[in-house]
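# Observations on chain architecture
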Amino acid sequence: MFDPDCYCIVVVGAQWGDEGKGKIVDVLAERADLVVRYQGGANAGHTVVQGENEFVLHQVPSGILHEGTRCIIGNGVVLDPETLLQEVDDLVARGIDVTGRLIVSDRAHLVLPYHKVLDTAIEKRQRIGTTGRGIGPAYEDKIGRRGVRAGDLRSLDRLRGFLIDRTAQVNLSLEVMGVEERVCADEHIELLERLAPRLIPMLADTGLLASQALEQGCRVLLEGAQGAQLDVDHGTYPFVTSSNTTAGGAAVGAGIGPTKIDAVLGVVKAYTTRVGNGPLPTEANDRDSAALRELGDEFGATTGRPRRCGWFDAVVVRYAARVNGLTDLAVTKLDVLDTLPTIPLCVGYRIEGEIIEEMPSDAWALERVEPVHERLDGWQRPTTEARKMADLPPQARAYLDRIQDLIRVPISYVSVGTRRDQIIGVK
C-alpha cells in the first residue's frame, strides 16, 4: 500500500495530461520537504484550489503553496524566464512568499521569444495541436546543442554574440517557411539583461540539492507535466510533447539516480480527456462529450481550449502502468460522473475484427480501433462529501474496483472535488 511518507515519490499523469496532478501533488506536498518539477515548460497548467482561492501554476511546482516546502525547477524543464517571473509576482501578490524557496537549475534550457515564433510557424504546417509556447523548438535547440541554459545568464557578454548568430539562423528558417515575421537579436539581449538580475540569485546545481536532501532523509516529490500518452518516445507519436513525461524521465530531469525513487504514483481521471489533435479511442459522441466537458469544466488551464472528452480507457492506463512502473493510482474527478445512469468503461480494442488488450505503437492504427466497452451502473448520488471509501455509493466503489482490476495497480487516492480536502486516502 502506498506510503505518502516515502522518501522519493514520482507523480505522473497516466493519460493525455490534465489528470489533476496539481491537486495530488498539493495533497502530498504537505508532508514533503522538497518538490521538483522535472520536465515540460509553460505549456503545463496545474490547478490547485485552497478554500475559495484557485491557483493555476505553469512552471512553479505545486508545492510552493505549502509554507516551508522548497521547490525546484529541474534541469529537464525548458524555462520561459519572463513568464516565470510573472508567475512569481502573481504568487507574491496573493500572499505566497517564495523567497529562498524557489530554486532553478542552472542547467535548465531557456525558452526565448524566437522559439515561440518558430513554434507558431511550425504548428501551421504540421497541426500537431501545440500550445504555441515555444516548448518544442526549445527542446529541439537543446538536443541540437544550440540552446541557451539558465546558467548562461551569468555570462551575458558571451551570450550576446551567440544570440546575434542564432537569431540570424532563425530568420533564415522563417524565410524558408514563407513566414514574414522576423526576430531581433537586440530585443532578445535586452530581455535577458532585464531578467538576469532576478533570475541569477535563484540558480543552483539543483541535482546536487535534491541528492543531498535525500541523503539527509528529506521527503522529495518529483512532479511531472502532461501525461504518459504525450511522452515523445512512448506516447501517440507524432501527437506528443517534446520531452519524456514518463517516470523514467524523472531521475534525468531532476538530476538524481533512478535508484533513489521509492514509488511512482500515476494520476488518472475517472474518464478521459485530450487537448489537440491525435487519437482518442474512447472519445464520446458530441452530446456526451459536451456533457462531460460541462460537468468537469474541461477547458485547458494554459490555453483555455475545450478538451476532447471520452470514457475511461483501461488499455491506455494499463500501458501507462507498464511504461511508468506505477506502484499506485490516484483517480480524480470521480464526482463528475455522479449524475450518469450508466458509465461506459473501455476494456479492450477491436481492430479488423480482432480484439486486443494492448495499445498499438502506431498512432494511425490507434485511430482505427473501436473501443470495447463494459457498461457499469451509475450511482446518481453526490460523492463530493465522501472522505473515506465507505462513504461512496456501492456503484461508485464497484466502478473503482473494476478500474483497479483492469489496471492491476492499487488505487490509493480518490478525488471527489476541486478543493484540497475533497480527497479520499484509501487504506
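A few points on the structure. Every value quoted in this text rests on a predicted model; they were computed, and no experiment measured them. (Residues numbered from 1 in each chain as written. Predicted model: local features only at pLDDT ≥ 70, side-chain atom pairs only at ≥ 80, totals over all residues. Heavy atoms only, no water.)

Applying the stated criterion to the full structure yields 24 salt bridges. As a salt-bridge pair, Arg158 and Asp152 come within 3.3 Å of each other at their nearest N and O atoms. For Arg158, a relative accessible area of 55% puts it in the exposed group. The salt bridge involving Arg160 is made with Asp157; its shortest N-O contact spans 3.2 Å. Residue Arg160 and its partner Asp157 are located together in helix 5 (residues 156–176), separated by three residues, close to a single helical turn. For Arg160, a relative accessible area of 28% translates into the label partly exposed. What makes Asp157 exposed here is its relative accessible area of 64%. Bridged by salt links that share partners, the residues Asp18, Lys269, Glu298, Arg307 and Lys333 form one connected network. (Salt bridge = Lys/Arg side-chain N within 4 Å of Asp/Glu carboxyl O. Buried < 20%, exposed > 50% of the residue type's maximum accessible area, 1.4 Å probe, protein only. Helix = DSSP H or I, 4+ residues; strand = E, 2+ residues; numbered from the N terminus.)

Our next topic: helix 5. Residues three or four positions apart in an α-helix share a direction because the helix packs 3.6 residues into each turn. Taking 1.5 Å of rise per residue, 21 residues should cover 30 Å, and helix 5 covers 30 Å from first to last C-alpha, within 8% of that figure. By the burial criterion, the buried members of helix 5 are Leu159, Leu163, Arg166, Thr167, Val170, Asn171 and Leu174. Positive phi appears at Gly178, one or two residues downstream of helix 5, with a value of about 80°. (Expected span 1.5 Å × (residues − 1).)

Our focus in this paragraph is the nonpolar core. Judged by nonpolar contacts, the single largest core of 76 residues is most densely connected at Leu222, Leu334, Tyr399 and Ile407. Sort the elements by how many residues they give to this core and helix 10 (residues 314–324) lands first, with seven residues. Apart from residues lying up to four places away in sequence, Leu334 is in contact with Ala270, Trp379, Thr383, Leu392, Ala396, Tyr399, Leu400, Val414, Ser415 and Val416. In terms of nonpolar packing, the next biggest core, distinct from the first, is built from 58 residues, Val183, Leu191, Leu265 and Val267 among them. (Core = buried A, V, L, I, M, F, W, Y, C linked by side-chain atoms within 4.5 Å. Contact = heavy atoms within 4.5 Å.)

Further remarks concern empty space enclosed by the protein. For the structure shown, the criterion picks out one cavity of 30 Å³ or more. Taken together, Leu156, Leu159, Arg160, Leu163, Ile189, Leu192 and Glu193 form the lining of the largest cavity. Elements represented by at least two residues in the lining of the largest cavity include exactly helix 5 and helix 6 (185–199). For the lining of the largest cavity, the leading source of residues is helix 5, giving four residues. Here the lining of the largest cavity is composed, by residue class, of five nonpolar, no polar and two charged. (1 Å grid on protein atoms, 1.4 Å probe; cavity = no way out; pocket = protein on both sides within 12 Å on 5 of 7 lines; lining within 4 Å. Points joined across faces, edges and corners; volume = space filled by probe spheres on them. Nonpolar A, V, L, I, M, F, W, Y, C, P; charged D, E, K, R; others polar.)

For the rest of this paragraph, the subject is the packing of helix 3 (residues 113–126) against helix 4 (residues 135–143). Between helix 3 and helix 4, the least distance of the axes is 7 Å, while the angle of their chain directions is 115°. With respect to helix 4, the element helix 3 is oriented roughly perpendicular. Viewed along their axes, helix 3 and helix 4 form a crossing whose handedness is right-handed. Facing helix 3, whose interface residues are Tyr114, His115, Leu118, Asp119 and Ile122, helix 4 presents Ile135, Pro137, Ala138 and Asp141. When grouped by side-chain class, the residues that make up the contact of helix 3 with helix 4 number six nonpolar, one polar and two charged. (Axes fitted to C-alpha atoms, helices over the stretch in contact; angles between N-to-C directions. Parallel < 35°, antiparallel > 145°, perpendicular 65-115°, else oblique. Left-handed = near helix turned anticlockwise from the far one by under 90°.)

Moving on: the sheet that holds strand 10 (residues 220–223). Taken in spatial order, the ten strands line up as 9-7-5-2-10-1-11-15-19-20 in an open sheet, and their pairing is mixed. Each of the sheet's edge strands pairs with one partner strand only, and the pair in question is strand 9 (203–204) and strand 20 (423–425). Of the strand pairs in this sheet, strand 5 (residues 70–73) and strand 7 (residues 102–105) are connected by three bridges, and their pairing is parallel. Within strand 7, the position partnered with Ile72 by the bridge is Ile103. (Pairing = 2+ DSSP bridges.)

So, on to the packing of helix 5 against helix 6. Packing of helix 5 against helix 6 brings their axes to within 9 Å, and their N-to-C directions diverge by 150°. Between helix 5 and helix 6, the crossing angle belongs to the class labelled roughly antiparallel. Seen along the crossing, helix 5 lies across helix 6 with a hand that is right-handed. On helix 6, the residues touching Leu156, Leu159, Arg160, Leu163, Ile164 and Thr167 of helix 5 are Ala185, His188, Ile189, Leu192, Glu193 and Ala196. Looking at the contact of helix 5 with helix 6 residue by residue, the classes come out as eight nonpolar, two polar and two charged.

So, about the pairing of strand 15 (residues 328–332). Successive residues of a regular strand alternate their side chains across the two faces of the sheet. For strand 15, the buried fraction is high: five of the five residues fall into the buried class. With five bridges connecting them, strand 11 (residues 263–269) and strand 15 associate as parallel partners. Residue pairing in the sheet places Leu265 in a bridge with Asp328 of strand 15. Both strand 15 and strand 19 (residues 411–415) contribute to a ladder of three bridges, which runs parallel. Bridge pairing links Leu329 to Ile411 in strand 19.

Bringing the environment of Asp362 into the picture now. Relative to the helices and strands, Asp362 is located in the loop between strand 17 (354–356) and helix 11 (363–368). Overall, Asp362 belongs to the partly exposed group, its relative accessible area being 37%. Between the C-alpha atoms of Asp362 and Leu209, which are 153 residues apart in sequence, the distance is 40 Å. In terms of polar contacts, Asp362 uses its side chain to reach the backbone amide nitrogen of Trp364, at 2.8 Å. (Polar contact = N/O pair within 3.5 Å; in protein donor to acceptor, adjacent residues only side chain to side chain.)

Most peptide bonds adopt trans geometry, and most residues besides glycine take a negative phi value. Note that the residue after Tyr237, namely Pro238, is joined by a cis bond; omega there is 10°. On the secondary structure map, Pro238 appears in the loop between strand 10 and helix 8 (248–254). Even without being a glycine, Arg145 presents a positive backbone phi close to 60°. Relative to the helices and strands, Arg145 resides in the loop between helix 4 and helix 5. Arg145 gets classed as exposed once you look at its relative accessible area, which sits at 78%. Located in the positive-phi region is Gln380, a residue other than glycine, with phi close to 45°. Overall, the relative accessible area of 53% leaves Gln380 in the exposed class.

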